[in-house]
Amino acid sequence: GLDYLVITTVDRDDLPDGGAAPLAETVRRIRETAPRTRLEFLVGDFRGCKESLETLLASGPDVFAHNLETVERLTPTVRDRRASYHQSLEVLRMSREIAPRIPTKSSLMLGLGEVDEEVRATMRDLRETGVDFLTLGQYLRPTPQHLAVERFVTPAEFEAWRVEAEGLGFL
């Protein structure tokens, strides 16, 4: 009975294909039991492996999502050290190359200390890779061991970012 399902995965760097085969099998099985349910897969970067992307995308998800998470300057602080800003952009670019009909999506957390021009540059980088959808969210500190919130973004600022993102061509 679900219209839209987002499947979010953990990194499976312990598997040779980064978990692409079980994810593709998940798409196939959902299609068998719920053929009208639209599927979005939010995945890690598969360590930049094109073959893993091909495996997942060949299964036919409706949306391919991989989150950039933050601006380039903050990536080493915010993300796992194995995750690079440019590798994530390359994964999104490759997904468009492999399956141009499958829309791509990425997300950024705001409030980590980024400045407006960094957000703009990141938005431009995402559009240049062909990303269709962008979500922006307020970073919230999950535990005291995580990074502190540098600032809370106002609703008016989020609205201004929406207008700017649509002006860049995000859907």
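The rules we used
- Residues numbered from 1 in each chain as written.
- Predicted model: local features only at pLDDT ≥ 70, side-chain atom pairs only at ≥ 80, totals over all residues.
- Heavy atoms only, no water.
- Phe/Tyr/Trp six-rings, centres within 6.5 Å; stacked < 30°, edge-to-face > 60°.
- Lys NZ or Arg CZ within 6 Å of the ring centre and 35° of its normal.
- 1 Å grid on protein atoms, 1.4 Å probe; cavity = no way out; pocket = protein on both sides within 12 Å on 5 of 7 lines; lining within 4 Å.
- Points joined across faces, edges and corners; volume = space filled by probe spheres on them.
- Nonpolar A, V, L, I, M, F, W, Y, C, P; charged D, E, K, R; others polar.
- Helix = DSSP H or I, 4+ residues; strand = E, 2+ residues; numbered from the N terminus.
- Salt bridge = Lys/Arg side-chain N within 4 Å of Asp/Glu carboxyl O.
- Buried < 20%, exposed > 50% of the residue type's maximum accessible area, 1.4 Å probe, protein only.
- Pairing = 2+ DSSP bridges.
- Expected span 1.5 Å × (residues − 1).
- Arc of directions from axis to C-beta.

### Here's the deal with the packing of aromatic side chains
Any aromatic ring pair is given by two values, namely how distant the centres are and how the planes are angled relative to each other. Within the structure shown, the criterion is met by zero aromatic pairs. A cation over a ring is seen here: R127 above F170, with NZ or CZ 5.4 Å from the ring centre.

### Regarding empty space enclosed by the protein
Evaluation of the coordinates by the stated rule reveals one cavity of 30 Å³ or more. As a volume, the largest cavity reaches approximately 40 Å³. Surrounding the largest cavity, L110, E114, V115, D116, V119, R151, V153 and W161 form its lining. Partitioning the lining of the largest cavity into residue classes produces five nonpolar, no polar and three charged.

### Notes on the environment of L108
Mapped onto the elements of the fold, L108 is located in strand β4 (residues 104-110). In this structure the C-alpha to C-alpha distance between L108 and N67, which are 41 residues apart in sequence, comes to 6.9 Å.

### So, the pattern of salt bridges
Considering all chains together, one arrives at 16 salt bridges under this definition. Here R96 ties to D132 by a salt bridge, and the two come within 2.5 Å at their closest N and O atoms. Separated by 36 residues along the polypeptide, R96 in helix α4 (residues 85-98) and D132 in the loop between α5 (116-128) and β5 (133-138) bring together distant segments of the chain. Judged by its relative accessible area of 14%, D132 falls in the buried class. Look at the salt bridges and you will find they share partners, linking K50, E90, R93 and E97 into a network.

### Some thoughts on the pairing of strand β2 (residues 38-42)
Extensive coverage of β2 is indicated by the burial of four of its five residues. In this structure, strand β1 (residues 4-8) lies alongside β2, joined through five bridges in parallel fashion. Among the inter-strand pairings, Y4 is bridged to a residue of β2, identified as R38. Sheet analysis places β2 next to strand β3 (residues 63-65), joined by three bridges and oriented parallel. Looking at the pairing, E40 lines up with V63 of β3.

### Some points on the layout of surface pockets
If a probe the size of a water molecule is rolled over the atoms, the empty space left behind becomes visible. Taken as a whole, the largest pocket holds about 400 Å³ of empty space. Along its surface, the largest pocket is lined by 20 residues, and D11, G44, H66, R79 and A83 are the ones closest to its centre. Counted by class, the lining of the largest pocket contains six nonpolar, six polar and eight charged residues.

### Thoughts on helix α1 (residues 20-33)
For α1, which comprises 14 residues, the first-to-last C-alpha distance of 20 Å matches the rise-based estimate of 20 Å (1.5 Å per residue) to within 8%. Listed as buried for α1 are A20, L23, A24, V27 and I30. Viewed end-on, α1 has its buried residues packed into an arc of 125°, placing them on one side of the element. Along α1, exposed side chains directed more than 90 degrees from the buried face belong to R29, E32 and T33.

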